[in-house]
Amino acid sequence: MPMIDVYAASGTFSDKHSLAKDLAAAVMRWEQVPPISLFSKNTAAFIHDLPADSLSNVDGDSNYVRVQVLTPVGVLDRDKQLGVVRELTDIVAVAAGDPTLTDRTWVLITESPEGGWGINGHANTGADIAALAREALGRT
């Protein structure tokens, strides 16, 4: 149930809603969770438009994109990390209509601490989330 934040200069993406949906779907696939409401309703991306003068590398370039993926601890093993970084980078470049953006897209994976994933006002552990999923799967 990741949360994804994308930061880019305003105008980088013409269809932010589709970008958000595509990124969320990709990470959910890489997490390999079942396609149940618990996960689809709690996996989301947020696209943040920044004024071009509010970001820069050391050389003064502001044509970068940063994708921050926050996921529960231990969900993405090394193969999944490699896959999600590659796919999100490609999705961003396609959404921008700029294949060279792959060279300027940073994807950062952060894990929330055990018990640090809040849903419905409760700080869930991995076991809590698994129990919620088992319960939801039992109802389908």
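Structure: see above.
Our subject in this report is the structure included herewith.

What counts, and at which threshold
- Residues numbered from 1 in each chain as written.
- Predicted model: local features only at pLDDT ≥ 70, side-chain atom pairs only at ≥ 80, totals over all residues.
- Heavy atoms only, no water.
- Core = buried A, V, L, I, M, F, W, Y, C linked by side-chain atoms within 4.5 Å.
- Buried < 20%, exposed > 50% of the residue type's maximum accessible area, 1.4 Å probe, protein only.
- Contact = heavy atoms within 4.5 Å.
- Phe/Tyr/Trp six-rings, centres within 6.5 Å; stacked < 30°, edge-to-face > 60°.
- Helix = DSSP H or I, 4+ residues; strand = E, 2+ residues; numbered from the N terminus.
- Axes fitted to C-alpha atoms, helices over the stretch in contact; angles between N-to-C directions.
- Parallel < 35°, antiparallel > 145°, perpendicular 65-115°, else oblique.
- Left-handed = near helix turned anticlockwise from the far one by under 90°.
- Nonpolar A, V, L, I, M, F, W, Y, C, P; charged D, E, K, R; others polar.
- Pairing = 2+ DSSP bridges.
- Right-handed = clockwise from strand over helix to strand, strands pointing away.
- Expected span 1.5 Å × (residues − 1).
- Polar contact = N/O pair within 3.5 Å; in protein donor to acceptor, adjacent residues only side chain to side chain.

**Points about the nonpolar core**
At step 1: Counting 23 residues, the largest nonpolar core has Ile4, Val6, Phe13, Leu23, Val65, Val67 and Leu88 as its most contacted members.
At step 2: Those residues in contact with Phe13, other than ones at most four positions away along the chain, are Val6, Ala8, Leu19, Ile47, Val65, Val92, Ala95 and Ala96.
At step 3: Met28, Phe39, Ile119 and Ile129 belong to the second-largest nonpolar core, a separate cluster that totals 10 residues.

**Structural notes on the packing of aromatic side chains**
At step 1: The full count for this structure, using the stated rule, is 1 aromatic pair.
At step 2: Where Tyr64 meets Trp106, the ring centres are 4.6 Å apart and the plane angle is 25°; that geometry is what we call stacked. Placement of Tyr64 in the loop between strand E2 (44–50) and strand E3 (65–72) and of Trp106 in strand E4 (residues 105–112) is noted, with a sequence separation of 42 residues between them.
At step 3: By relative accessible area, which is 15% here, Tyr64 ends up buried.

**Remarks on the packing of helix H1 (residues 16–31) against helix H3 (residues 78–96)**
A pair of packed helices is captured by two measures, namely the crossing angle of their axes and the spacing between those axes.
At step 1: Interhelical geometry of H1 versus H3 gives an angle of 165° and a closest axis separation of 10 Å. Classed by the angle they form, the pair H1 and H3 counts as roughly antiparallel. Remark: the crossing between H1 and H3 carries right-handed chirality. Across the interface between the two elements, Leu19, Asp22, Leu23, Ala26, Val27, Arg29, Trp30 and Glu31 of H1 pack against Asp79, Lys80, Gly83, Val84, Glu87, Leu88, Ile91, Val92 and Ala95 of H3.
At step 2: The residue makeup of the contact of H1 with H3, split by class, is 10 nonpolar, 1 polar and 6 charged.

**Considering the pairing of E3**
Within a regular strand, the side chains alternate between the two sheet faces.
At step 1: E3 sits mainly inside the fold: 6 of its 8 residues count as buried.
At step 2: Relative to E3, strand E1 (residues 3–9) is paired through 6 bridges, and the arrangement is antiparallel. Bridged to Ala8 within E3 is Val65.
At step 3: Here 8 bridges tie E3 to E4, and the two strands are oriented parallel to one another. The residue of E4 that forms the bridge with Val65 is Thr105.
At step 4: Chirality of the crossover, the property in question, places the unit of E3, H3 and E4 among those that are right-handed.

**Section: H1**
In an α-helix there are 3.6 residues to a turn, and that puts residues three or four apart on one side.
At step 1: Helix length check: H1, at 16 residues, gives a terminal C-alpha distance of 23 Å against a target of 22 Å (1.5 Å per residue), a fit within 8%.
At step 2: Turning to H1, its buried residues are Leu19, Ala20, Leu23, Ala24, Ala26, Val27, Met28 and Glu31.
At step 3: Where H1 is buried, its residues meet E1, helix H2 (37–40), E2, E3 and H3.
At step 4: Positive backbone phi, at 60°, marks Gln32, one or two positions downstream of H1.

**Topic: the environment of Arg104**
At step 1: Relative to the elements of secondary structure, Arg104 occurs in the loop between H3 and E4.
At step 2: Taking the C-alpha atoms as reference points, Arg104 and Arg66, separated by 38 residues in sequence, lie 8.5 Å from one another.
At step 3: Not counting the four nearest positions on each side in its chain, Arg104 is found in contact with Asn63, Tyr64, Val65 and Asp98.
At step 4: Here Asp98 takes part through its side chain, which lies 2.9 Å from a polar atom of the side chain of Arg104.

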